[in-house]
Amino acid sequence: MDHAGITFDHVRKEYPDGTVAVEDLSLDVAPGEIMCLVGPSGCGKSTTLRMVNRLVEPTSGTITVDGADIMSQDAVQLRRSIGYMIQHVGLFPHRTVAQNVATVPSLLRWDKDRKQRRVEELLDLVGLPHSTYGARYPHELSGGERQRVGVARALAIEPPVLLMDEPFGAVDPQRRRSLQQEFRDLQRQLGLTVMMVTHDIREAVILADRIAVFSEGGAIEQIGTPDEVITSPANDFVEDFLADFGAIAD
Ligand code: ADP
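Being a predicted model, the structure only gives us computed values, none of them experimental.

1. Description of the domain arrangement of the protein chain
- Under the domain assignment used here, the protein chain contains domain 1 (1–82 + 161–250) and domain 2 (91–158).
- The C-alpha centroid of domain 2 is placed 26 Å from the C-alpha centroid of domain 1.
- The interface is formed by 15 residues belonging to domain 1 together with 14 residues belonging to domain 2.
- Buried surface at the junction of domain 1 and domain 2, both sides included, amounts to about 1200 Å², of which 70% is carbon and sulfur.
- Remark: the boundary between domain 1 and domain 2 carries one salt bridge.
- The salt bridge partner of Glu182 is Arg148, with a shortest N-O separation of 3.6 Å.
- Where domain 1 packs against domain 2, one counts one residue pair in polar contact (both at pLDDT 80 or more).
- Looking at the side of domain 1 that touches domain 2 element by element, the count peaks at seven residues for helix 8 (residues 173–190).
- Here the side of domain 1 that touches domain 2 is built from residues that sort into ten nonpolar, two polar and three charged.

Have a look at this one:
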């Protein structure tokens, strides 16, 4: 798998109603790293994430994935080439686990054998053997298992980058920790580049190579390793934000 980076260069997003969600964002996500975006609600994290696969079109500035300008690519093809995972996985309820995982390969008209091999490989990868789980329907799975199917589906075509918006938010806290650990191991093994939005600072600390702390308008207050952000908050904003989550002992 290619290891691709993501670059934002002076990116702005103004919604049609005049809301400026992201004012002037420049940010690099290095190949193979997990970058977590944290910050108060409404500060432009999801907008930032969704601009990468053009679910939201940037108003100005440049975003590249693996060096290629996203605006020079066909939006649908771009979207299919980038893994995207959200809180409520959005599995198709009337399709089996195997069919769900094969969603994008089917859209791309992969032949049956290739699809079958890939689905088996992916289900093994996320610890849900095809023989047991392939023919089940989403309602026959636990929340954590559904989330793992979501991971498998997002990885189906070996995307160079994976975008995740509160991916483990709907999983109960106990399962969430082990799922995070499993995901971290998988990401390392595959060398995936991940951009993740989370409001759970503990999740960011467990998963991230670097954390970007956002304030309103997609402004970056601090960017650094979890250790740097926790032990040396750059300013009062970061300190207050972390304190609200009990991430810093007073
Ligand atoms: P976050 O993910 O940090 O909670 P968002 O990116 O969702 O923030 O939102 C940033 C700002 O843009 C907020 O003020 C939000 O209300 C606004 N916003 C988000 N989506 C739209 C939209 N489709 N139209 C207008 N404003 C929007």
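So that's the structure; there's more coming.
2. Quick look at the environment of Asp74
- Following the sequence through the fold, Asp74 ends up in the loop between strand 5 (68–69) and helix 2 (75–81).
- Note: C-alpha distance between Asp74 and Arg54 (20 residues apart in sequence) is 9.8 Å.

3. Describing the nonpolar core
- Core analysis: the biggest nonpolar cluster contains 42 residues, and Val101, Leu162, Met164, Phe183 and Val194 have the highest contact counts within it.
- If one sorts the elements of this core by residue count, helix 7 (residues 143–154) sits on top with four residues.
- Apart from residues no more than four positions distant in its own chain, Val101 is found in contact with Val119, Leu122, Leu123, Val149, Ala152, Arg153 and Ala156.
- One finds Ile6, Leu25, Ile63 and Val161 within the second-largest nonpolar core, a separate group that totals 27 residues.

4. Quick look at the sheet that holds strand 3 (residues 34–38)
- Ordered in space as 6-7-8-3-9-10, the six strands form an open sheet in which the pairing is mixed. Looking at strand neighbours, the two that pair on one side only are strand 6 (83–86) and strand 10 (219–224), the edges of this open sheet. When the angles between neighbouring strand axes are averaged without regard to direction, this sheet yields 15°.
- Pairing of strand 6 with strand 7 (residues 161–165) involves four bridges; the strand directions are parallel. Its bridge partner being in strand 7, Met85 is matched across the sheet by Met164.

5. Digging into helix 1 (residues 45–52)
- Burial analysis of helix 1 places six of its eight residues in the buried class, which makes it a mostly covered element.
- With its phi angle positive at about 65°, Arg54 sits one or two positions after the end of helix 1.

6. Some points on helix 7
- A rise of 1.5 Å per residue sets the reference length of helix 7, with its twelve residues, at 16 Å; its end C-alpha atoms lie 17 Å apart and thus fit the reference within 8%.
- Gly144, Glu145, Gln147, Arg148, Val149, Gly150, Val151, Ala152, Arg153 and Ala154 are the residues of helix 7 that are buried.

7. What to know about the side chain of Thr198
- Mapped onto the elements, Thr198 comes out in the loop between strand 8 (193–197) and helix 9 (201–207).
- Residue Thr198 is classed as buried on the basis of its relative accessible area of 0%.
- A polar atom in the side chain of Thr198 sits 2.9 Å from the backbone nitrogen of Asp200.
- Among the polar contacts listed, one links the side chain of Thr198 to the side chain of Glu203, at a separation of 3.0 Å.
- The residues contacting Thr198, other than those within four sequence positions of it, are Cys36, Leu37, Val38, Lys45, Glu166, Glu203 and Ala204.

8. Some details on the site of the ligand
- In the region of the ligand, the neighbouring residues are Tyr15, Asp17, Thr19, Ala21, Pro40, Ser41, Gly42, Cys43, Gly44, Lys45, Ser46 and Thr47.
- Contacts to the ligand include Thr47, whose side-chain N or O atom sits 2.5 Å from an oxygen atom.
- Relative to its unbound accessible surface of 560 Å², the ligand loses 60% to contact with the protein.
- In terms of residue count, the dominant contributor to the shell around the ligand is helix 1 (three residues).

9. With respect to the environment of Glu23
- With respect to the element layout, Glu23 can be found in strand 2 (residues 20–29).
- When the C-alpha atoms of Glu23 and Gly44 are compared, they prove to be 9.1 Å apart, with 21 residues separating the residues in sequence.
- Contacts of Glu23, omitting those with residues within four sequence positions, involve Val11, Arg12 and Gly217.

Calculation rules
Residues numbered from 1 in each chain as written. Predicted model: local features only at pLDDT ≥ 70, side-chain atom pairs only at ≥ 80, totals over all residues. Heavy atoms only, no water. Domains from an automatic or database assignment. Contact = heavy atoms within 4.5 Å. Buried area = accessible area lost by both parts, 1.4 Å probe. Salt bridge = Lys/Arg side-chain N within 4 Å of Asp/Glu carboxyl O. Polar contact = N/O pair within 3.5 Å; in protein donor to acceptor, adjacent residues only side chain to side chain. Helix = DSSP H or I, 4+ residues; strand = E, 2+ residues; numbered from the N terminus. Nonpolar A, V, L, I, M, F, W, Y, C, P; charged D, E, K, R; others polar. Core = buried A, V, L, I, M, F, W, Y, C linked by side-chain atoms within 4.5 Å. Buried < 20%, exposed > 50% of the residue type's maximum accessible area, 1.4 Å probe, protein only. Pairing = 2+ DSSP bridges. Axes fitted to C-alpha atoms, helices over the stretch in contact; angles between N-to-C directions. Expected span 1.5 Å × (residues − 1). Near = heavy atom within 4 Å. Areas by Shrake-Rupley, 256 points an atom, 1.4 Å probe, with all protein chains shown as cover.

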